[in-house]
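Close look at the chain arrangement
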Amino acid sequence: MFGNLRTRLIVSHALPILMLTPALALVLVFLLETPKSLGTLADQMIGQGTLIVEIAREDPAVWHDAAKAETLVEQVKPNIPSRVMLLDGSGRLLASSLPADDARLGRSITFPVIQEALAGQTNWFIDYSPYMGTRILDMAIPVFDDSTHALIGIVRLSYDISAIEQRTVPLSRTIIVTFAIGTLLALLLGVQLARSLNAPLLNLTQAIARFAPGTPPPDIPETGPEEVRLVARNYNRMMHRLRELELTRQQLIANVVHELGTPLGAIKAATEALRNGAAADPALANELTHGINSQIDQLRLLVDDLALLGESELKEITLNREWCSLQTVIQTQCSAYTYWAKQKRIDLRAQIAPGIPPVYVDPRRLGQILANLLYNAYKYSPPGAQIVVTAGCATEAEPPTAVWVEVADNGPGIAPEEQARIFDLLYRSPHQRNLHKGMGIGLALSRRLAEAHGGTISVSSVPGAGATFRVMLPIR
Ligand code: ADP
């Protein structure tokens, strides 16, 4: 029953009101219905009762002789506005000023006030008397024998208080009605408040339930209390990010398909040419096999990048370090790109300073960084451009503790505002996107690899005049 937030909110809001209001109303009504004047009246009645007791003292036979009791009642009746009853020491009615009580003469009276008097207490109560047919202020005084101190009789006075009470009824009614309306309003307010909190949360859960990766999720309205609005805002932000990631994922798949398709198509064309007679021409066959080899190298780089992407998203990159010659790694990568450079008439050169000490790196991963930089330089530079690979020792310390490799081209360069972003995963320059295909992961992975080696990668570029990528690596 209290399983949902809305019910709980209503209950928590309304419960204290529901519990307190009737109690408060009761107390107020009780206070009103017991006016101070009743206390004064009771005192007066006790005075009158005491007077009767005093009169009866002259003839104690009153307390067992009904006729004498009757006479006494008749005597005092005109001066006392209450009903006067005289009872004997065991609570039996001897005489009453009210004719309706005649049927009870000689019988025990069990009203609470009589019980009190039988127990020796003078007391008064507000009660309902069926014989008087009204609410009464009921008072009784026990009478004791002067010498034995035994209870010998009771004087009971009952006063009709309906007139006094009638005066307070309208006010009591107003109090009850006001409290009832107040409680109702508080309940309605509670329901409204609960609804205002519940509705945005319901929107949110429905939006989450409707979420399907393929379709753009609609924004949910940011309404309700501040905390709920914050949840809605963050949900909307999260959904936009999710949508971006989904689009990027689709883009990445499309790019991968393209990147795989191009070399596979080239390999297929070269093998077809070889089968159709090109093998007979040694120079052509050599050229074609070179081409196939380079395309396979390209595919290898692609597979390596994708595998590394998956690995580095999940855990730290593992490196298989060994002492190796920087010159050898650079030469290997440059030779792999000679074929490509020739295709575009690009002048690819390596200028390596002598005396670079061996470096403690993972040669395959360092090769992967260089391959990505060389492939970018080849891809983005126009035909006839120049790519220069240089390397040396960082001169800050002696003996040197770090080495650097630079890949510089004189292609289109990179706009200053993009230079920091090109190392972000899946970032592709909007200027290059339409001209050159790519996956947008090469530089991000190169940075991860350089950092895994404890090194850095940076770019400097003058747009229109080329770009230079610099990799710094500690020697060990
Ligand atoms: P991809 O080349 O697959 O798009 P990369 O992460 O290798 O992804 O490169 C990110 C972006 O950096 C490229 O889209 C391109 O805009 C820019 N870029 C990288 N290298 C060069 C370069 N040598 N000349 C000009 N722009 C480059």
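Here's a quick rundown of the structure.

Reading the values: the criteria
- Residues numbered from 1 in each chain as written.
- Predicted model: local features only at pLDDT ≥ 70, side-chain atom pairs only at ≥ 80, totals over all residues.
- Heavy atoms only, no water.
- Salt bridge = Lys/Arg side-chain N within 4 Å of Asp/Glu carboxyl O.
- Helix = DSSP H or I, 4+ residues; strand = E, 2+ residues; numbered from the N terminus.
- Buried < 20%, exposed > 50% of the residue type's maximum accessible area, 1.4 Å probe, protein only.
- Contact = heavy atoms within 4.5 Å.
- Polar contact = N/O pair within 3.5 Å; in protein donor to acceptor, adjacent residues only side chain to side chain.
- Near = heavy atom within 4 Å.
- Areas by Shrake-Rupley, 256 points an atom, 1.4 Å probe, with all protein chains shown as cover.
- Pairing = 2+ DSSP bridges.
- Axes fitted to C-alpha atoms, helices over the stretch in contact; angles between N-to-C directions.

Counted by the stated rule, this structure contains 21 salt bridges. The partner of Arg-57 in a salt bridge is Glu-54, with the nearest N and O atoms 3.4 Å apart. You can see Arg-57 and its partner Glu-54 sitting in helix α2 (residues 36-57), three residues apart, about one turn around the helix. With relative accessibility at 39%, the residue Arg-57 sits in the partly exposed group. Arg-249 is the partner of Glu-246 in a salt bridge, and the nearest nitrogen-oxygen pair spans 3.0 Å. One end of the pair, Glu-246, and the other, Arg-249, are both in helix α6 (residues 226-275), three residues apart, so they sit about a helical turn from each other. Residue classification places Glu-246 among the buried positions, given a relative accessible area of 13%. Connected through shared salt-bridge partners, Glu-54, Arg-57 and Asp-146 make up one network.

Here we come to unusual backbone geometry. Unusually for a residue other than glycine, His-149 sits at a positive phi of about 65 degrees. Mapping His-149 onto the fold places it in the loop between β4 (134-144) and β5 (151-160). Look at His-149 and you get exposed, because its relative accessible area is 59%.

When we look at burial in helix α12 (residues 442-452), the residues that qualify are Gly-442, Leu-443, Ala-444, Leu-445, Ser-446, Leu-449 and Ala-450. In this structure, the buried side of α12 is in contact with α7 (282-314), α9 (363-380), β11 (456-461) and β12 (467-474). Phi for Gly-454, located one or two positions after α12, is positive at around 85 degrees.

A separate point is the environment of Asn-410. Inspection of the secondary structure assignment puts Asn-410 in the loop between β10 (402-409) and α10 (416-419). Judged by its relative accessible area of 40%, Asn-410 is partly exposed. Engagement of the side chain of Asn-410 in a polar contact is seen with the backbone nitrogen of Gln-386, the distance being 2.9 Å.

The next point concerns the side chain of Ser-294. Looking at the element boundaries, Ser-294 is found in helix α7. Residues in contact with Ser-294, not counting those within four places in the same chain, are Ala-336, Tyr-339 and Trp-340.

Time to look at the site of the ligand. Taken together, 19 residues surround the ligand, and among them Asn-376, Tyr-380, Arg-428, Ser-429 and Met-439 come closest. In the environment of the ligand, an oxygen atom lies 2.8 Å from a nitrogen or oxygen atom belonging to the side chain of Asn-376. Within the side chain of Lys-379, an N or O atom sits 3.1 Å from an oxygen atom of the ligand. Across the complex, the protein chains shield 98% of the 520 Å² of accessible surface that the ligand would expose by itself. Mapped by element, the contributors of at least two residues to the shell around the ligand are α9 and α12.

With mixed pairing, five strands are arranged side by side in an open sheet as β7-β9-β10-β12-β11. Here the strands that pair on one side only, and so sit at the sheet edges, are β7 (347-352) and β11. Put simply, the sheet's adjacent strands are angled 15 degrees from each other on average, direction ignored. With six bridges connecting them, β11 and β12 associate as antiparallel partners. Each bridged residue has a counterpart across the sheet, and for Val-459 the counterpart in β12 is Phe-469.

Right, let's get into the pairing of β5. It is a general feature of regular strands that their side chains alternate between the two faces of the sheet. Two elements, strand β1 (residues 83-88) and β5, share six bridges in a ladder whose sense is antiparallel. Residue pairing for β5: Met-85 is matched across the bridge by Arg-156. As paired elements, β4 and β5 share nine bridges and run antiparallel to each other. Of the residues in β5, the one forming a bridge with Phe-144 is Leu-151. Here β4 hands over to β5 after six residues, with His-149 in that stretch at a positive phi of 65 degrees.

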